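Listed below, chain by chain, are the residues.
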Amino acid sequence: MDTTEDKIEAAEPPAKVKSVAATILGEFFDVLEKEESLGEVASGLRKLVLEEGMLHEPAIRAALFPDAP
């Protein structure tokens with residue numbers, strides 16, 4: 001039997017819970033972004049790791065060294 005409370009809970013999108021690792025990595029990328037020469041690299045790594053979930057070495061290398069052949 002559906003109650004009003006069940007319908008309200010079903011209508012709300014699930015809350016996005018950050019993992020401990022995502023929180024720590026996010027703070028790490030925040031610090032990197034403040035460094036002069038690492039700002040762009042840090043934002044690229046943040047997107048790659050936290051948003052896309054890529055932890056493969058070739059993808060990380062490409063983000064760290066975008067000009068490398």
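Residues numbered from 1 in each chain as written. Predicted model: local features only at pLDDT ≥ 70, side-chain atom pairs only at ≥ 80, totals over all residues. Heavy atoms only, no water.

## Comments concerning the packing of aromatic side chains
Quick note on the threshold: What counts as a ring pair is set by centres within 6.5 Å for rings of Phe, Tyr and Trp (its six-membered ring), and what kind of pair is set by the plane angle: stacked under 30 degrees, edge-to-face over 60, tilted for all other angles. Here's how the labels work: a residue is buried when its accessible area is under 20% of the maximum for its type, exposed when over 50%, partly exposed in between, all with a 1.4 Å probe on protein chains only.
If you walk through the whole model with that rule in mind, you get one aromatic pair. Ring geometry for Phe28 versus Phe29: centroids 5.7 Å apart, planes at 55°, classification tilted. Among the residues examined, Phe28 registers a relative accessible area of 47% and is labelled partly exposed. Overall, Phe29 belongs to the buried group, its relative accessible area being 4%.

## Description of the packing of helix H2 (residues 20-34) against helix H3 (residues 39-51)
Quick note on the threshold: To get an axis, a line is fitted to the C-alpha atoms, and for a helix only the part in contact is used. The angle between two axes follows their N-to-C directions and goes from 0 to 180 degrees. Put simply, DSSP marks the helices as runs of H or I at least four residues long and the strands as runs of E at least two long, and each gets a number from the N terminus on. What sets the label is the angle itself: under 35 degrees gives roughly parallel, over 145 gives roughly antiparallel, 65 to 115 gives roughly perpendicular, and the rest give oblique. Helix crossings are classified by the rotation of the near helix relative to the far one: an anticlockwise turn of less than a right angle makes the crossing left-handed, while a clockwise turn makes it right-handed. Residues are treated as being in contact if the distance between any of their heavy atoms lies within 4.5 Å. Under the scheme applied, nonpolar residues are Ala, Val, Leu, Ile, Met, Phe, Trp, Tyr, Cys and Pro; charged residues are Asp, Glu, Lys and Arg; polar residues are all the others, including Gly.
For the pair H2 and H3, interaxial distance at closest approach is 8 Å and the crossing angle is 165°. When the axis of H2 is compared with that of H3, the two are roughly antiparallel. Once H2 is placed against H3, the crossing between them reads as left-handed. Where H2 abuts H3, its residues Ala22, Leu25, Gly26, Phe29, Asp30, Leu32 and Glu33 lie against Gly39, Ala42, Ser43, Leu45, Arg46, Val49 and Leu50. Partitioning the contact of H2 with H3 into residue classes produces eight nonpolar, three polar and three charged.

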